[in-house]
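Coordinate inspection notes
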Amino acid sequence: MKNKIFAILLALTMVLALAACHKTETVEVSTTAPVVTEEVETTAAEETTSAEATSKTVDKTVIMNDVNLVGTWDDKMSERATMEIRGGKGKTYQIHVHWSSTAFESDNWTMTGTFNDTTGELTYKDCKRVTITLNEEDGPEEEEVHYTNGTGKFIYKNGELNWRADNDPDVNACVFAR
């Protein structure tokens, strides 16, 4: 009996000793883009002397070039549109959006976009929208061109691309994600 009590007290002492020595550290993990801080020297007004010049810190958020746009994206809103982005050399991308209306008809947008790291915008000015209708009996497909040289942008935020077309308001509800 004495051995059991001694073993329990010894085990309890060891547990308390280990718990008292336990050290925790708070580690900050960030999944957002890094913030670049610049030191800027400014003067209060033209009449002030250089001795009165003050300095302040300016925060400038920059989206780094680690954004990977290449690949297949799906529209979260309609769940009917897909977007394929290719390229990336010189921050220039080839973009193709496909919206299936029926089994025999689809709308397709093709454009070339340029990504701006600072604003997070993928802008384009050469969009072509075409409706393709397939013949039910393996006949030739028909193409109806709605417009060419359409302009707009995709805004990259939180891993999603929001489409904002200048001349096609029907697509402005599209939010593409992977």
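What comes next concerns the included structure. Everything quoted here is computed from the prediction, not taken from an experiment.

To continue, consider the packing of aromatic side chains. To describe a pair of aromatic rings, you give the distance between the ring centres and the angle between the ring planes. Tallying each qualifying case throughout the model produces five aromatic pairs. Ring centres of F154 and F176 lie 6.4 Å apart, and the angle between their planes is 65°; on these two criteria the pair is classed as edge-to-face. Taken together, the residues F154 in strand β8 (residues 142-157) and F176 in strand β10 (residues 175-177) connect sequence positions 22 residues apart.

With five of its six residues buried, strand β9 (residues 160-165) lies for the most part within the structure. As defined by bridge partners, β8 adjoins β9 across six bridges and the pair is classed as antiparallel. Paired with F154 across the strands is W163, a residue of β9. Between β8 and β9, which pair antiparallel and follow one another directly, the connecting turn spans two residues, one of which, N158, has a positive phi of 55°. Pairing analysis gives two bridges linking β9 to β10, with the strands arranged antiparallel. Within β10, the residue paired with L161 across the bridge is F176.

This next bit is on the sheet that holds strand β7 (residues 121-133). The strand order β3-β4-β5-β6-β7-β8-β9-β10 describes a closed barrel built from eight strands, whose pairing is antiparallel. Across the sheet, the mean angle separating the axes of adjacent strands is 30° when strand polarity is ignored. Both strand β4 (residues 81-87) and strand β5 (residues 92-100) contribute to a ladder of seven bridges, which runs antiparallel. The residue of β5 that forms the bridge with I85 is I95.

When charged atoms on two side chains of opposite charge get close, those side chains can pair. This model, assessed by the stated rule, comprises six salt bridges. One salt bridge connects R129 with D107, and the closest N-O pair in it is separated by 3.6 Å. Taken as a pair, R129 in strand β7 and D107 in strand β6 (residues 105-116) lie far apart in primary sequence, 22 residues in all. With relative accessibility at 15%, the residue R129 sits in the buried group. Taking relative accessible area as the criterion, D107 reaches 10% and is therefore assigned buried. In this structure, D168 and R129 form a salt bridge, with 3.5 Å as the shortest nitrogen-oxygen distance. Of this pair, D168 sits in the loop between β9 and β10 while R129 sits in strand β7, and the two are 39 residues apart along the sequence. Among the charged side chains, a network of salt bridges with common partners joins D107, R129 and D168.

Rules and cut-offs
- Residues numbered from 1 in each chain as written.
- Predicted model: local features only at pLDDT ≥ 70, side-chain atom pairs only at ≥ 80, totals over all residues.
- Heavy atoms only, no water.
- Phe/Tyr/Trp six-rings, centres within 6.5 Å; stacked < 30°, edge-to-face > 60°.
- Helix = DSSP H or I, 4+ residues; strand = E, 2+ residues; numbered from the N terminus.
- Buried < 20%, exposed > 50% of the residue type's maximum accessible area, 1.4 Å probe, protein only.
- Pairing = 2+ DSSP bridges.
- Axes fitted to C-alpha atoms, helices over the stretch in contact; angles between N-to-C directions.
- Salt bridge = Lys/Arg side-chain N within 4 Å of Asp/Glu carboxyl O.

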